[in-house]
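What follows is each chain in one-letter form.
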Number of protein chains: 2
Amino acid sequence: MTLTADAPQTNQAAPAASGRVTATGEALRRALDGPFHDVKQRWRTEVTAEDFVRDPEWDIPTARAWALEKLVDLAGREFAIAGFPEAQGGRGTQAQSVAHFEMLAMGDLSLTIKSGVQHGLWGGAITNLGTRWHHETWLPDTITGKATGCFAMTELGHGSDVQSIETTITWIAEDGEFEVHSPTPGATKAYIGNAAQHGKWAAVFGQLIVDGENQGVHVAVVRIRDEDLSPVSGVTCGDHGHKGGLLGVDNGTITFDHVRVPRTHLLDKFGGVGEDGVYHSAIESKNARFFTMLGTLVRGRICVGGGAASATRKALSIATRYALKRTQFRQPGLGEEILLLDYQTHQRKLLPNIAKAYAYGFAQNELALQLQRVTDAEGANPVAARELETRAAGMKSLLTRWANDTIQVAREACGGAGYLSENGLTMLRQDADVFATFEGDNTVLLQLVAKALLLDYKKTWGDMDMRGTAQATARMIGGTFLERTTARAVIDRILAGSKSKDVGSRAWHIEMFEDREKHTVEGLAKRMRAAAKASDSFAAVNACQQHMLAAARAHTDRVVLEAFIEGIHQCEDRYIASILGKVCDLYALATIEENRGWYMEHERFDGARSKAITEAVDALCVELRGKALELVEGLGVEEAWLNAAILR
Amino acid sequence: MTLTADAPQTNQAAPAASGRVTATGEALRRALDGPFHDVKQRWRTEVTAEDFVRDPEWDIPTARAWALEKLVDLAGREFAIAGFPEAQGGRGTQAQSVAHFEMLAMGDLSLTIKSGVQHGLWGGAITNLGTRWHHETWLPDTITGKATGCFAMTELGHGSDVQSIETTITWIAEDGEFEVHSPTPGATKAYIGNAAQHGKWAAVFGQLIVDGENQGVHVAVVRIRDEDLSPVSGVTCGDHGHKGGLLGVDNGTITFDHVRVPRTHLLDKFGGVGEDGVYHSAIESKNARFFTMLGTLVRGRICVGGGAASATRKALSIATRYALKRTQFRQPGLGEEILLLDYQTHQRKLLPNIAKAYAYGFAQNELALQLQRVTDAEGANPVAARELETRAAGMKSLLTRWANDTIQVAREACGGAGYLSENGLTMLRQDADVFATFEGDNTVLLQLVAKALLLDYKKTWGDMDMRGTAQATARMIGGTFLERTTARAVIDRILAGSKSKDVGSRAWHIEMFEDREKHTVEGLAKRMRAAAKASDSFAAVNACQQHMLAAARAHTDRVVLEAFIEGIHQCEDRYIASILGKVCDLYALATIEENRGWYMEHERFDGARSKAITEAVDALCVELRGKALELVEGLGVEEAWLNAAILR
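Here the structure is a predicted model, which is why all the values come from computation and not from measurement.

Next up on the list: the overall build of chain A. When helices and strands are tallied, chain A shows 24 helices and 13 strands. For a compact globule of 648 residues, the expected C-alpha radius of gyration is about 26 Å, and chain A comes in at 25 Å, within 12% of that figure. Reported as C-alpha extents along the three principal axes, the dimensions of chain A are approximately 90 × 60 × 40 Å. Considering only contacts in chain A between residues 6 or more positions apart, those separated by 24 or more positions represent 75%. As displayed, chain A has an accessible area near 22,100 Å², and 51% of this comes from carbon and sulfur atoms. The centroid of the 70 positive side-chain charges in chain A is displaced by 4 Å from the centroid of its 82 negative side-chain charges.

Here is the structure:
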């Protein structure tokens, strides 16, 4: 079908009346929300801009006070408190907690990260690493925002390399308690949210030393401020002050000077010291213990990717709505001024990114459900847990990179107006910036994904350094595998049903995505095997790093495409499914176009085909331009939340 | 020669003592400064961080007051006042004024743009569009910063399309004066620097109406505030308030309500109303008049590209120096922690961008000299003037895009520390953002470049809309041309001397760059000719837009490569020239690699060759990593100006 039949291409912007959503937009929302539609609709009907949209002009004290106040308010209304045990006041599942995070991110990213620190990281550490006593002691007040807490993992000296952190948690047998200490300046906890001002507690990551033996990284709960926020003895908190964004989050440093905590304060789900003073853990390997602990914290990474995507949806909504009302230059002859969105260059800036927003949205839904399945399995399916961690790492990296690039494109698409804070885009860009770094540096995460692909999830990917990975790869028998997502059935049916090589053929898109992943991962495996034998193994494995990034991206792209296809398959409204089909075409072809260098390098298609793909992307942009308003409505950001002066 | 022979690859960072520059770094600076070395060295020896580095935490009032104060101070010390007539207090040439702008941008971009508004735009309008009386009346106090002024061109309704602005400058014959008026809300002057707070005067662009006839856009000088900054009757100034960056620049709006100005206040170098009340101009065509006037303002565009490049050099200096001291993760086996810059992924982030910084630096020097030649010709060489405008548009677009992308890469390369304002990177990123938009939107500028290429500079590129361009293209006889830069002699010698197709062959690099330009422009010309005949000419020409961008980029890349080659040719120190040769290899190959999709699409090389190029880029990164400190020293930013806490 042709979508443009009834949608003239020029000067025909027909925005719905302010605040109202077109029927098509509403139906697209329902499809993209998928299993989280009810949760997300509750936000749209009950949460106003007043509740969670920040004024970009506020200074640090105002923004920080506002973020805490709104967090408490929303928690009181049972928003953003999913994922905690119901007994302690939680409402909703782990998967729903991701959906809540995504909605929060449509309002303000400072508030989102403030909640992420309080509920996700601090609350998540207590929930996932602690046991019943910890839950009962801290969770009720954590949920309401009264027991404000920090997630004190990162140190000045060690960011990505968590296993090398220097803080110590030493068992003092004679007193039956622990001593938490920062032995060096590098051991200073850094970039910690809630540390500069509001935090009363901290979940402190440190090397657990019992009877002189290092049991690896564990977590102890330490009081860092009294209830009136006055300092406690032995703990020094610093303030990182002004940052590139997220001014509502009070990031700071913490150092510990021989601070004593009770034995019970060690979060001991995976290992602790009993009343007998002896260390015990169900997991023998220190490495495995460490990565099992970290693995339970995977939700944070999933949330960060989703939050970045929400901010991008908001930016695309602003820029597209503006492009549907702003004109510049005149039609030759006719003399009418031309809408920005009628220019090819402008369509090229926005429409492929709208298509990606849909693709990543469906993939993010699938990831949240996967999180729920792993949570429900309670450790019974370690391979599924590794798959989840890998997918979360890949998605986080892909989505936050795309977010930074795309919010910038949206800013530029609004010209000088895009640079005024009153139009909201620059704050989005500034706040989203650090998403590329926190919850795992993107470059490091992609390498973890590549390791997992090499080893077929047989090993926890944190288990080994690069040379170890190379050696393990060398031991692997046979080729690499390509695991299917939950879209398996529909993908197989598509592949069986069509052999068409037309650029519009979904079977061909799948084949191209699969092929790129398979070949890139196999090529990497070959290189890694060779590197394992090299005399200078650091240099040899180091030379594979760029290839690792390529393999990880190819893998994640394929996972995203499959989720999009499955999402369309789940959509019962045939008209909406047909629109989504075009959007999926655009996503698939734009992604293939971006990687056309690789495809031609590997003789997957020739130059003529490559040009045909570019032409198809151009044509899809023209076709979908007629549905641009409905498409951004479908991204699910309430018009009132956009808070951009240019749209008023 | 191999640069790495004496430079081990790991754990061997050897930064010079703080503030001292290595001999190699010093010599690289001299080479890259080229003809502007003396001007630039004076900044390095006389200007301290105190003089021009802003604290990122300042609020808007503090930042604005600081910017004005520092501007006055530097002007008093004869910095950044080049390009004005000596009789009125100017010191130095037009070309040198670009060099001053670039140095200022190594300190702070708010101060840079404040000076750009005051000296470049307001002062430039008086200088270039005014005549002797205007110079004598306004320039002396403009230079010192006492007569603060605005460049009131852009309007809310029309940004890129200056010819459609709505402000009117109407000749009132009976009173012998002009009336400046904003007839619609869209006529509001917007984004105007100095308008919100400090400006006393404005150079106002408006449609000149004399005896009912519109003579096109002209400029009148209007008083907008009294000497004590109190408002004047009929003029309303607004404040844009908080922006995405550049908080030290007081951007605002201006509207005029039937404001009268004396006849002499029209800047009448290219057209004005005489004492007899009759309009006169030496240029008959209104279009030609308009573009001649705009053409004299080309320096602003050149400065903006150069300023963005300076900010990027600063960001690369911070990130590279950090990567030479920061370690993360351990060597397998050995257990030593690894310097960030020893990772392939990190080298890939920084080194090709350092190479681009050199390439763009040499090209920018050449552009400034070209500006000087056109200025000296005083209108005698209109084709050279069009070439200059075209090159300025292409360079501005290329450099500001690269700046935004690369400062972000530098930020991410510093991890969480990069996000703290105390390390300077986020402010650079925020301030540089709008460089992609002001002084010409990048997308629009690239289309102007493409038009000029199609028409061999025979027409002023502003002359015609897209359909007109298509029709004119259709009329052009024969193929497209490829004009040589001043590097003609050395390029021809290289091409004559070597037929090697080795990836390291400079002749082959040149051939690849030329080929991409030539073929892209020819392909565009073919499409435009076809479009001129199409029934829906808007749609047909619109479909060429992406192709126009590609042609403009290919052209500008080739110009940059030639300037780099010429810069090396001018370098008398053979050791330095050999380092620069490697840097040029990296620039050329990284650029070819980025465009490998195009090259393979057009069968310029095959997949095996493409892979070899990638390997060569990797190898050059490894090789130049050993000279990384010297290379960033060569970028010319004094260590004391970096003002990044992580480097202390």
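It is worth spelling out the relation of the copies chain B and chain A at this point. Under the fitted operation, chain B is carried onto chain A by 0.0 Å of movement along the axis and a turn of 180°, and the coordinates agree to an RMSD of 0.0 Å. Seen this way, the second copy is the image of the first under a two-fold rotation axis. Relative to the rotation axis, the C-alpha of Gly597 of chain B is the closest in chain B, positioned 2.1 Å from it. When the interface residues of chain B are mapped onto chain A, 100% of them again fall at the interface, so both copies present the same face.

Side chains that carry opposite charge are capable of pairing whenever their charged atoms lie near each other. Residues and elements named next belong to chain B. Considering all chains together, one arrives at 77 salt bridges over all chains under this definition. With a closest N to O distance of 3.5 Å, Lys582 and Glu623 form a salt bridge. Highlighted residues: Lys582 in helix 20 (residues 574-594) and Glu623 in helix 22 (residues 607-625), separated in sequence by 41 residues. A relative accessible area of 19% places Lys582 in the buried class.

Residue and element names in this part refer to chain A. Between its first and last C-alpha atoms helix 11 (residues 382-413) spans 45 Å; for 32 residues at 1.5 Å apiece the expected length is 46 Å, and the two agree. Buried residues dominate helix 11, accounting for 25 of its 32 residues. Looking one or two residues past helix 11, Gly415 carries a phi angle of roughly 60°, positive in sign.

Take the pairing of strand 6 (residues 213-223) of chain A next. All names here are of chain A. Of all 11 residues in strand 6, eight are buried; the element is thus mostly enclosed. As paired strands, strand 5 (residues 201-210) and strand 6 are joined by nine bridges and run antiparallel to one another. Note that in strand 6 the partner of Ala203 across the bridge is Val221. In this antiparallel pair of consecutive strands, strand 5 and strand 6, the connection spans two residues, and Asp211 shows a positive phi of 50°.

Below, the discussion takes up the domain arrangement of chain A. Residue and element names in this part refer to chain A. Domain assignment breaks chain A into domain 1 (33-144), domain 2 (149-288) and domain 3 (298-330 + 337-647). If you average the C-alpha positions of domain 1 and of domain 2, the two centres end up 23 Å apart. Listed by partner, the interface residues are 25 residues for domain 1 and 30 residues for domain 2. Regarding the contact of domain 1 and domain 2, the summed buried area is about 2,300 Å², with carbon and sulfur atoms giving 66% of it.

What follows concerns the nonpolar core. The nonpolar side chains of a soluble globular protein tend to be buried, and buried together. Counting residues in each nonpolar core, the largest one holds 306 residues, and the members touching the most others are Tyr358 of chain A together with Tyr358 of chain B. With 14 residues, helix 10 (residues 344-377) of chain A is the single largest residue contributor to this core. Apart from the residues lying within four places of it in its own chain, the contact partners of Tyr358 of chain A are Leu28, Leu32, Phe564, Leu580, Val583, Glu630, Leu631, Gly634 and Leu635 of chain A.

Thresholds, definitions, all that
- Residues numbered from 1 in each chain as written.
- Chains lettered and ligands numbered in written order.
- Predicted model: local features only at pLDDT ≥ 70, side-chain atom pairs only at ≥ 80, totals over all residues.
- Heavy atoms only, no water.
- Helix = DSSP H or I, 4+ residues; strand = E, 2+ residues; numbered from the N terminus.
- Rg over C-alpha atoms; globule rule 2.2 N^0.38 Å.
- Contact = heavy atoms within 4.5 Å.
- Areas by Shrake-Rupley, 256 points an atom, 1.4 Å probe, with all protein chains shown as cover.
- Lys, Arg positive; Asp, Glu negative; His and termini not counted.
- Charge placed at Lys NZ, Arg CZ, Asp CG, Glu CD.
- Least-squares fit on C-alpha atoms with pLDDT ≥ 70 in both.
- Salt bridge = Lys/Arg side-chain N within 4 Å of Asp/Glu carboxyl O.
- Buried < 20%, exposed > 50% of the residue type's maximum accessible area, 1.4 Å probe, protein only.
- Expected span 1.5 Å × (residues − 1).
- Pairing = 2+ DSSP bridges.
- Domains from an automatic or database assignment.
- Buried area = accessible area lost by both parts, 1.4 Å probe.
- Core = buried A, V, L, I, M, F, W, Y, C linked by side-chain atoms within 4.5 Å.

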